[in-house]
Amino acid sequence: MSTTSVRTRPSPVLGVVLVAMVVLLAGMALVTPGAAQGEPAPATLPFPSATTVAPPPTTAVPTTVPPTTVPDPAPTPVPAPSSEPTAVRDVLLVGDSIMRSTGPALAHQLGARWRVHNEGVNGSGLLTPGVFPWPRHLAASLSRFDPDVVIMLFIGNYTADPAQKWVGADGRLVPDIYSRSFSREWGRQAERFVTQMIRSGADVVLVLPPPMISARVQIVTDRLRAEYRAVASRHPEVTLADATTAVGGPHGEWVATRPTASGGWARVRVADTVHLARHGQGLVAREIRFGIARARSNA
């Protein structure tokens, strides 16, 4: 009797079950690999619970700058516009007829930013208080005008009246301008005047006299110029201006005319050879203006 082999096929249901179990086991391994290996789960930052309110991010303050000890910086102040361009300064003119006649030209050259107080008195000098009381008048003018700058220009007027002659430090009368005592006493008075001006707080411009046509008078002028220079050397607050530079010749000598800005020539002295013509007034005013600029720059 022949033997017959019978093959049995696996049940389809069993195959589906096996596949499902494999898929399930693989998924569990993917979801919890650490747990499958017995390792602890990694630490994570906890989220705020329902009862915890995180501070708003806008109120957070860097821990390096404690807000309770460092105040907010104050805003940078905006400087007020300077009044310098519109400030008006006062200049006081002290002197004789040369100063008096030069004042209008100086005022014109300085312009609106300067207020010129022209106190020049014709025929006055430092040694003739009987002709004009300069010591008292100077004190009153300094108090009244409170000048920023004082200009002093005296060429050496004196008097022939014995009753008005100056008594020197030695108790003797100064006889005339040609005496050595005249220039010495003039220098002493110039020192007193300049000291008074400086104490008022003003810058001082001391103008050296212009040249004279008479050789004898020029000797007197040279002595006065030396006295003025000596005063300036003792007071660094004093600036010198030179009328001889303005209206003198190439060597400081007396001349009748000087070149003009237009290339011509014009008179700088009038017929008496002492006083200034219009062109001369303008040139001396320019020299004084330069002196004011130097004095202000050194202040």
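What counts, and where the lines are drawn
- Residues numbered from 1 in each chain as written.
- Predicted model: local features only at pLDDT ≥ 70, side-chain atom pairs only at ≥ 80, totals over all residues.
- Heavy atoms only, no water.
- Buried < 20%, exposed > 50% of the residue type's maximum accessible area, 1.4 Å probe, protein only.
- Helix = DSSP H or I, 4+ residues; strand = E, 2+ residues; numbered from the N terminus.
- Pairing = 2+ DSSP bridges.
- Core = buried A, V, L, I, M, F, W, Y, C linked by side-chain atoms within 4.5 Å.
- Contact = heavy atoms within 4.5 Å.
- Salt bridge = Lys/Arg side-chain N within 4 Å of Asp/Glu carboxyl O.
- Phe/Tyr/Trp six-rings, centres within 6.5 Å; stacked < 30°, edge-to-face > 60°.
- Axes fitted to C-alpha atoms, helices over the stretch in contact; angles between N-to-C directions.
- Left-handed = near helix turned anticlockwise from the far one by under 90°.
- Nonpolar A, V, L, I, M, F, W, Y, C, P; charged D, E, K, R; others polar.
- Expected span 1.5 Å × (residues − 1).
- Bend = angle between axes of the 7 residues up to and from the residue.
- Polar contact = N/O pair within 3.5 Å; in protein donor to acceptor, adjacent residues only side chain to side chain.
- Right-handed = clockwise from strand over helix to strand, strands pointing away.

**Some points on the pairing of strand E3 (residues 149-153)**
Here is step 1 of the chain: A large share of E3 lies buried, amounting to five of its five residues.
Here is step 2 of the chain: Burial along E3 is two-sided: Val149, Ile151 and Leu153 and Val150 and Met152, pointing in opposite directions, are all buried.
Here is step 3 of the chain: Here five bridges tie strand E1 (residues 89-95) to E3, and the two strands are oriented parallel to one another. Each residue of the ladder has a partner; that of Leu93, found in E3, is Ile151.
Here is step 4 of the chain: Here E3 runs beside strand E4 (residues 203-208); their pairing, made up of four bridges, is parallel. The residue bridging Met152 from the neighbouring strand is Leu206, located in E4.

**Let's talk about the nonpolar core**
Here is step 1 of the chain: Among the nonpolar cores identified, the biggest contains 33 residues, and Val94, Met152, Phe154, Phe182, Trp186, Met197 and Tyr228 are the most heavily contacted of them.
Here is step 2 of the chain: At the level of secondary structure, the elements contributing two or more residues to this core comprise E1, helix H4 (134-145), E3, helix H5 (180-199), E4 and helix H6 (215-234).
Here is step 3 of the chain: The element that contributes the greatest number of residues to this core is H5, accounting for seven residues.
Here is step 4 of the chain: Ignoring any residue separated from it by four or fewer positions in sequence, one finds Phe154 in contact with Val94, Gly95, Asp96, Ser124, Gly125, Leu126, Trp134, Trp186, Pro209 and Tyr228.
Here is step 5 of the chain: Core analysis: the second largest hydrophobic core is formed by 27 residues, Ala105, Leu106, Leu110 and Ala295 among them.

**Let's talk about the pattern of salt bridges**
Here is step 1 of the chain: Throughout the structure, instances matching the rule amount to six salt bridges.
Here is step 2 of the chain: The residue Glu191 makes a salt bridge to Arg234 at a minimum N-O spacing of 2.9 Å. A residue pair is termed long-range when its members are at least 10 positions apart, and Glu191 in helix H5 and Arg234 in helix H6 qualify at 43 residues.
Here is step 3 of the chain: A salt bridge links Arg225 to Asp242; the nearest nitrogen and oxygen atoms lie 2.8 Å apart. Highlighted residues: Arg225 in helix H6 and Asp242 in strand E5 (residues 238-242), separated in sequence by 17 residues.

**Section: the packing of aromatic side chains**
Here is step 1 of the chain: Under the defined criterion, the tally for this structure stands at five aromatic pairs.
Here is step 2 of the chain: Between Phe132 and Trp134, the aromatic rings sit 5.0 Å apart at their centres with planes inclined by 65°, giving edge-to-face as the arrangement.
Here is step 3 of the chain: Geometrically, the ring pair formed by Phe182 and Trp186 is tilted, given 5.4 Å between the ring centres and 45° between the ring planes. One end of the pair, Phe182, and the other, Trp186, are both in helix H5, four residues apart, so they sit about a helical turn from each other.

**Side note on the packing of H5 against H6**
Here is step 1 of the chain: Viewed as axis vectors pointing N to C, H5 and H6 meet at an angle of 35°, and their least axial separation amounts to 9 Å. Of the two possible hands of crossing, H5 and H6 adopt the one that is right-handed. Across the interface between the two elements, Arg180, Phe182, Ser183, Arg184, Trp186, Gly187, Ala190, Glu191 and Val194 of H5 pack against Val220, Arg223, Leu224, Glu227, Tyr228, Val231 and Arg234 of H6.
Here is step 2 of the chain: Classifying every residue of the contact of H5 with H6 by side-chain character gives eight nonpolar, two polar and six charged.

**Some words on the environment of Leu224**
Here is step 1 of the chain: Position of Leu224 among the secondary structure elements: in helix H6.
Here is step 2 of the chain: A relative accessible area of 0% places Leu224 in the buried class.
Here is step 3 of the chain: As for Leu224 and Pro209, which are separated by 15 residues in sequence, their C-alpha atoms are 7.9 Å apart.

**Concerning helix H3 (residues 97-110)**
Here is step 1 of the chain: Taking 1.5 Å of rise per residue, the 14 residues of H3 would be expected to cover 20 Å, and the 20 Å separating its terminal C-alpha atoms lies within 8% of that figure.
Here is step 2 of the chain: Along its length, H3 shows its largest kink, about 40°, at Gly103, and proline Pro104 lies within four residues downstream of that point.
Here is step 3 of the chain: Every buried residue of H3 is accounted for by Ser97, Ile98, Met99, Thr102, Gly103, Ala105, Leu106 and Leu110.
Here is step 4 of the chain: On its buried face, H3 sits against E1, strand E2 (114-118), E3 and helix H8 (278-298).
Here is step 5 of the chain: You can read the cap of H3 off the contacts: a side-chain oxygen lies 3.1 Å from the backbone nitrogen of Ile98, and it is on Asp96.
Here is step 6 of the chain: Note on H3: the residue one or two positions beyond its end, Gly111, has a positive phi of about 85°.

**Notes on the pairing of E2**
Here is step 1 of the chain: Of the pairings in the sheet, the one linking E1 to E2 comprises five bridges and is parallel in character. Following the sheet pairing, Val91 is matched in E2 by Val116.
Here is step 2 of the chain: With respect to chirality, the unit in which E1 leads through H3 into the neighbouring parallel E2 is right-handed.

**A closer look at the sheet that holds E4**
Here is step 1 of the chain: The strand order across the open sheet built from five strands is E2-E1-E3-E4-E5, with neighbouring strands paired in parallel fashion. Of all the strands in the sheet, the pair left with one neighbour each is E2 and E5. Averaged over all pairs of adjacent strands, the angle between their axes in this sheet comes to 20°, without regard to strand direction.
Here is step 2 of the chain: The sheet contacts of H4 involve E1, E2 and E3, and relative to E1 the element is tilted by about 175°.

By themselves, these observations are geometric and do not establish any function.
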